[in-house]
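Residue strings, one per chain:
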Amino acid sequence: MMFRLADWPIRRKLTLLIGIGVAIALLLACTILIVRDVRMIRDSKVKQITALADILGSNSAAALEFNDPTTAREVLASLRLVAAVEEAALFDAQGALLASYPATAPPLSNCPEATRAVFTDGYLVIAEEIVRDGDKVGTVYIRSNLEEIDRELTDIAWITMAVMVVSLAVSMLLTRRLQRMFTSPISELAAVMEGVSADRASPLRVESYGRDEMGVLCEGFNRMMDQVEIARNDLQQAYDVLEQRVIERTATLQREITERKRTEEELAKARDQAETANRAKSEFLANMSHEIRTPMTAILGYSDILIENVSTEEDRDAAATVKRNGEYLVEIINDILDISKIEAGKLDVEQVQCSPCHLLADVASLMRVRADAKNVALELAFDGPMVEFIQSDPIRLRQILINLTGNAIKFTEAGKVRLVASMLGLRSANPMLQVDVIDSGIGMTEEQVAKLFRPFSQVDTSASRRHGGTGLGLAISKRLASKLGGDITVKSTAGEGSTFTVIVATGPLDGVQWIETPSETEISRTSASQKSQAVAIRLDCRVLLAEDGPDNQRLISFLLRKAGAQVTVAENGQLAYDLALAARQEGHPFDVILMDMQMPVLDGYDATMQLRETYYSGTIIALTAHAMSTDRDKCLNCGCDDYLSKPLDRNRLLSLVDEYAKRGAEIETKPGTS
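Counting restarts for each chain, with residues numbered from 1 along the sequence as it is written. Note on the predicted model: pLDDT of at least 70 is required for a residue's local features to be given, and 80 or more for side-chain atom pairs to be given and counted; whole-chain, interface and lining totals, by contrast, use all residues. As a rule here, side-chain values cover all heavy atoms of the structure and leave hydrogens and water aside.

A.B. asks: Would you mind showing me how to read the overall build of the protein chain here?
C.D. replies: If you tally the helices and strands in the protein chain, you get 16 helices and 19 strands. Burial statistics for the protein chain: of 674 residues in total, 36% are counted as buried. Note on contacts: a residue pair qualifies if any of its non-hydrogen atoms lie within 4.5 Å across the two residues. Taking all contacts inside the protein chain whose residues are at least 6 apart in sequence as the whole, residues at least 24 apart take part in 67%. Each accessible area value is a Shrake-Rupley result obtained with a 1.4 Å probe; residue values ignore everything except the protein chains displayed when judging cover. Total accessible area on the protein chain stands at roughly 39,900 Å², and carbon and sulfur atoms take up 55% of it. In DSSP terms, a helix is any run of H or I states spanning at least four residues, a strand is any run of E spanning at least two, and both are numbered starting from the N terminus. Here's how the labels work: a residue is buried when its accessible area is under 20% of the maximum for its type, exposed when over 50%, partly exposed in between, all with a 1.4 Å probe on protein chains only.

A.B. asks: Where do I start with the nonpolar core in this structure?
C.D. replies: The biggest cluster of nonpolar side chains holds 44 residues, and the ones touching the most others in it are Phe500 and Val502. Per-element tally for this core: the top contributor is helix α7 (residues 356–373), with eight residues. Sequence-distant contacts of Phe500, defined by excluding residues within four places in its chain, comprise Leu404, Val435, Asp436, Val437, Met444, Leu452, Phe453, Leu474, Ile488, Thr489 and Val490. Residue types Ala, Val, Leu, Ile, Met, Phe, Trp, Tyr and Cys, when buried and joined through side-chain atoms within 4.5 Å, form a set referred to as a nonpolar core.

A.B. asks: Could you clarify how one ought to interpret the pattern of salt bridges in this entry?
C.D. replies: Where charged atoms of side chains with opposite charge meet at close range, the side chains can pair. What counts as a salt bridge is simple: a side-chain nitrogen of Lys or Arg found within 4 Å of a carboxyl oxygen of Asp or Glu. Taken as a whole and assessed by the stated rule, the structure comprises 19 salt bridges. A salt bridge links Arg271 to Asp272; the shortest N-O distance between them is 3.7 Å. Overall, the relative accessible area of 38% leaves Asp272 in the partly exposed class. In this structure, a network of salt bridges that share partners links the residues Glu86, Glu87 and Arg143.

A.B. asks: Teacher, can you tell me more about empty space enclosed by the protein here?
C.D. replies: Empty space left among the atoms is revealed by rolling a probe the size of a water molecule over them. We place a 1 Å grid over just the protein atoms. Points where a 1.4 Å probe fits but has no way out form a cavity, open points with protein on both sides within 12 Å along at least 5 of 7 lines form a pocket, and any residue with an atom within 4 Å of a point lines it. Grid points are joined across faces, edges and corners, and a volume is the space filled by probe spheres set on the points. Evaluation of the coordinates by the stated rule reveals one cavity of 30 Å³ or more. Looking at the largest cavity, its volume works out to about 50 Å³. For the largest cavity, the full set of lining residues is Thr297, Gly301, Asp304, Leu555, Ile556, Leu559, Leu648 and Arg650. For the lining of the largest cavity, the elements supplying multiple residues, two or more each, are α5 (213–309) and α12 (550–562).

A.B. asks: Just checking my understanding: could you explain the sheet that holds strand β12 (residues 487–493) for this structure?
C.D. replies: Strand pairing in a sheet relies on backbone hydrogen bonds. The paired strands run either parallel or antiparallel. By the convention used here, strands pair only if DSSP detects at least 2 bridges between them. Read across the sheet, five strands follow the order β7-β10-β11-β13-β12 without closing on themselves; strand pairing throughout is mixed. Every interior strand has two partners, whereas the edge strands, β7 (377–382) and β12, have only one. The sheet shows a mean angle of 15° between the axes of neighbouring strands, direction not considered. Alignment of β12 against strand β13 (residues 497–505), held across seven bridges, turns out to be antiparallel. Residue Thr493 lies in a different strand from β13, and its bridge partner there is Gly497. Those strands touched by α7 are β7, β10 (416–424) and β11 (432–439), and its axis lies near 170° from that of β7. An axis is simply a line fitted to the C-alpha atoms; with a helix, the fit covers only the stretch in contact. Between two such axes, the angle follows the N-to-C directions and lies from 0 to 180 degrees. Against the sheet, helix α10 (residues 473–483) engages β12 and β13, with an angle of about 135° to β12.

A.B. asks: Would you take a moment to explain the confidence of the model for the protein chain for this structure?
C.D. replies: Caution applies to low-pLDDT parts of the model: their predicted coordinates are not meant to be read in detail. Mean pLDDT over the protein chain works out to 80, with 81% of the residues at or above the 70 mark. A score between 0 and 100, pLDDT records how confident the predictor is in each residue. Mean pLDDT across the elements of the protein chain ranges from a minimum in helix α11 (residues 520–532), with 56, to a maximum in strand β15 (residues 542–546), with 95. Note on residues 461–465: pLDDT is under 50 here. Beyond four places in sequence and across chains, it has two contacts. Within the model, the stretch residues 529–534 combines pLDDT values under 50 with zero contacts to residues more than four positions away or in other chains.

A.B. asks: What's the story with helix α13 (residues 573–585) in this structure? I'm lost.
C.D. replies: In an α-helix, one full turn covers 3.6 residues, which means residues spaced three or four apart are oriented alike. Under the 1.5 Å per step criterion, the end-to-end length of α13 is 18 Å for 13 residues, consistent within 8% with the ideal 18 Å. Along α13, the positions that sit buried rather than exposed are Gly573, Ala576, Tyr577, Ala580, Leu581 and Ala583. In an axial view of α13, the angular spread of the buried residues amounts to 160°, which keeps them on one side of the axis. On its buried face, α13 is in contact with β15, β16 (566–570), β17 (592–596) and α14 (604–613). For a helix, the expected span equals 1.5 Å multiplied by the residue count minus one. Note that the arc is defined by the directions from the helix axis to the C-beta atoms.

A.B. asks: Quick question: what am I supposed to make of the packing of helix α8 (residues 394–410) against α10 here?
C.D. replies: In a packed pair of helices, the relevant descriptors are the angle between the two axes and the axis-to-axis distance. Put simply, α8 and α10 touch, their axes get as near as 9 Å, and they point 145° apart. As for how α8 packs across α10, the hand of that crossing is left-handed. The residues of α10 that touch α8, namely those facing Arg396, Gln399, Ile400, Asn403, Leu404 and Asn407, are Gly473, Leu474, Ile476, Ser477, Leu480 and Ala481. Split by residue class, the contact of α8 with α10 holds six nonpolar, five polar and one charged. Each crossing gets its hand from how the near helix is turned against the far one by less than a right angle, where anticlockwise is left-handed and clockwise is right-handed. Each residue gets one of three labels, nonpolar for Ala, Val, Leu, Ile, Met, Phe, Trp, Tyr, Cys and Pro, charged for Asp, Glu, Lys and Arg, and polar for the others, Gly among them.

A.B. asks: Looking at this structure, I do not really get the packing of α7 against α8. What am I missing?
C.D. replies: Across the interface, α7 lies against α8 with an axial gap of 10 Å and an inter-helix angle of 30°. As judged from the angle between their axes, α7 and α8 are roughly parallel. Both α7 and α8 take part in a crossing whose hand is right-handed. Within the contact between the two elements, α7 uses Leu359, Leu360, Asp362, Val363, Leu366, Met367, Arg370 and Ala371 and α8 uses Pro394, Leu397, Arg398, Leu401, Ile402, Thr405, Gly406 and Ile409. The residue inventory of the contact of α7 with α8, partitioned by class, reads 11 nonpolar, two polar and three charged. Should an angle fall under 35 degrees it is called roughly parallel, over 145 degrees roughly antiparallel, and 65 to 115 degrees roughly perpendicular, with every other angle called oblique.

A.B. asks: What exactly am I supposed to notice about helix α2 (residues 69–77) here?
C.D. replies: Within α2, the full set of buried residues consists of Ala72, Val75 and Leu76. All buried residues of α2 project into a common sector of 95° when viewed along the axis, lining one side. Two N or O atoms count as a polar contact when they lie within 3.5 Å, although within protein this holds only if one can serve as hydrogen donor and the other as acceptor, and sequence-adjacent residues are included solely when both atoms are side-chain atoms. The backbone nitrogen of Thr70 has a side-chain oxygen 3.3 Å away, supplied by the residue at the start of α2, namely Asp68.

A.B. asks: Looking at this structure, how should I read the environment of Leu146?
C.D. replies: Along the chain, Leu146 falls in the loop between β5 (135–145) and α3 (147–178). Along the primary structure Leu146 and Lys45 are separated by 101 residues, whereas in three dimensions their C-alpha atoms are 8.7 Å apart. Setting aside anything within four residues of it in sequence, one finds Leu146 in contact with Phe119, Gly122, Tyr123 and Leu124.

A.B. asks: Got a minute to help me understand the side chain of Asp92 in this structure?
C.D. replies: Relative to the helices and strands, Asp92 is located in strand β1 (residues 85–92). The charge count includes Lys and Arg as positive and Asp and Glu as negative, but it does not include His or the ends of the chains. The charged side chain of Asp92 is buried without a salt bridge, its nearest counter-charge being Lys136 at 8.2 Å. When residues no more than four places from it in sequence are discounted, the contact partners of Asp92 are Leu64, Val137 and Gly138.

A.B. asks: Even after reading the chapter, I still don't get the packing of aromatic side chains, so can you show me in this structure?
C.D. replies: Each aromatic ring pair is specified by the distance between its two centres and by the angle formed by the two planes. Paired rings are identified among Phe, Tyr and Trp, the last through its six-membered ring, by centres lying within 6.5 Å, and are further divided according to the angle between planes into stacked (under 30 degrees), edge-to-face (over 60) and tilted (the rest). Counted under the stated rule, the structure contains zero aromatic pairs. We call a charge positioned over a ring when the NZ of a Lys or the CZ of an Arg lies within 6 Å of the ring centre and within 35 degrees of the ring normal. Lying across the ring of Phe119, Arg42 places its NZ or CZ 3.8 Å from the centre. Over the ring of Tyr605 we find Lys634; its NZ or CZ atom is 4.5 Å from the centre of that ring.

A.B. asks: Explain a nonpolar patch on the surface here, please?
C.D. replies: Taken together, the side chains of Leu16, Ile20, Ile24 and Leu28 define a hydrophobic patch exposed on the protein surface, amounting to about 350 Å² of accessible area. If you trace the backbone, Ile24 turns up in helix α1 (residues 10–65). According to the relative accessible area criterion, Ile24 is partly exposed, its value standing at 46%. Patches here are clusters of residues that have more than 30% relative accessible area and form no salt bridge, with a 9 Å joining cutoff for like charges and a 5 Å cutoff for nonpolar side chains (Val, Leu, Ile, Met, Phe, Trp, Tyr).

A.B. asks: Even after reading the chapter, I still don't get the pairing of β17, so can you show me in this structure?
C.D. replies: Successive residues of a regular strand alternate their side chains across the two faces of the sheet. Counting buried residues along β17, five of its five residues qualify, which places the element largely inside the surrounding structure. Burial along β17 is two-sided: the face carrying Val592, Leu594 and Asp596 and the face carrying Ile593 and Met595 are both buried. In this structure, β15 lies alongside β17, joined through four bridges in parallel fashion. Note that in β17 the partner of Leu545 across the bridge is Leu594. Of the strand pairs in this sheet, β17 and strand β18 (residues 619–624) are connected by five bridges, and their pairing is parallel. Within β18, the position partnered with Val592 by the bridge is Thr619. Seen with the strands pointing away from the viewer, any crossover whose path from the first strand over the helix to the second strand runs clockwise is right-handed. As a crossover connection, the stretch from β17 through α14 into β18 is right-handed.

Structure representation (structure tokens):
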């Protein structure tokens, strides 16, 4: 039976410890001696063969010089007296074989390079140049076996093992006798302690052994037993008192446990209610987004059509007002959804290459319309050189800058608003882009600044306030800046204006080109040149529009037909499924299917999955008014190729349909495709 080492008796542990120590010491000593002997034997063998090579070289120098193979073979024949030599050869100065030993051995193909002794593959090999009067006359080659070395090493190993075994046996005998001096007092003390455990009423004592550590231990044990006896009496008294206290405390604990269980049940109920409320909030936001975005698609779409088709300035202004307020309503919806995503930890940002100069110029160009409407100047300036590209999320960075610039314009009645961009920490591991939004507006007090970035909090909460808003923009912007590796800070003086500073991480700038003197005029000219190269999108494709809303059916089909597409409308998912399969069976499949995801009879998700189950490979683009973080993934996972969120952007709709229609046409025209 195997025992744990901790359970072994002390005498066995001491014996084992000393035995291990002696064994290790003997092993190290014998190892050192064996290594030394091996080196000495090998060095001796090398010297022996080297001397033999020198003798052969001296004796064969004349034969090599006069190219006398007979004499050379006679010189090599003397090696038969050296049993260890298995092969030898003489080569002339040009490396040609002159003679070899034994004579029956196959001749070496090449003259080996002169080198010192080498142990390889169980042999000792020496190739040495033969020099006479300072000139090389040839090379002597000798290969010797190592049988003699092996015999000597075997003898050494056996002798070493015998010495180790004898030494270990002697040390163990001495250890067994010496360990009794230590273990006997300990064994007696252990026996007394066992007796104390068995008979608690009468503490025993142990006999003292001398004045050494064991004697001190025994005396200490006896004093301890005296104290134990005194403490035992005190303990009994305390036990009686404690027993009464335990009875009283038990009753108190029972009452506390009952109260705690009731509290835990109430907390669990409150947690369940909170989780239910949170789920209800998410469902409400999703449904609210869908119900508002769906009609907003028609409102904004038909506003664009009205603006393009009405003739009077008054009508255009009215249509533009409808569109502007519709876009403002969409912004409010987006802000509510963004703050919900942020609080739920589901708002993600991208890290893609983007141009900070073009982004700032676009923001300035977009917001200048608002500034001009209030007769407020909007300026864009660059403080120093700017990098051409950074790694960030251009959509979220643009959202931050539009919000800050829009607020600056909103709260500035006279003067100007400035956007000043600069680079920070270029020599550090984390360079940053800084944009200061400076206005000459109404400014804020310290108390107003303190609550500026709280959700749904506004600087002016009075009923007579002049400036509207939900109080979400700055809270969202600050959290977005944090997601982009930076922050937003503000300095403001009431009556003088405010400066909002946003910084974001740029990512590594190694190898990025710099724009030494950026200017809004030059950047805008470049952007305008690029935009001027764009042409109106013309479609030449068949589109199946699956949409249950009559207004959106008319709007989307009108935009597609106006661009040149042939449009077939299906009012539910089942009808779209049937039409798509029928068109494929007839050999004229639709180039693109625009699939609304919320429809009666069969929704877009199920319709798409059922089409993919029939190996339908055509393009399906999801149309949805849901804009939560998981909606895009849900659409792509069910089989859609891409995703469009309502309200639809006309240019985005047409460009996406055009892109996929052309992509499908290219696949069909490739050899081997049908």
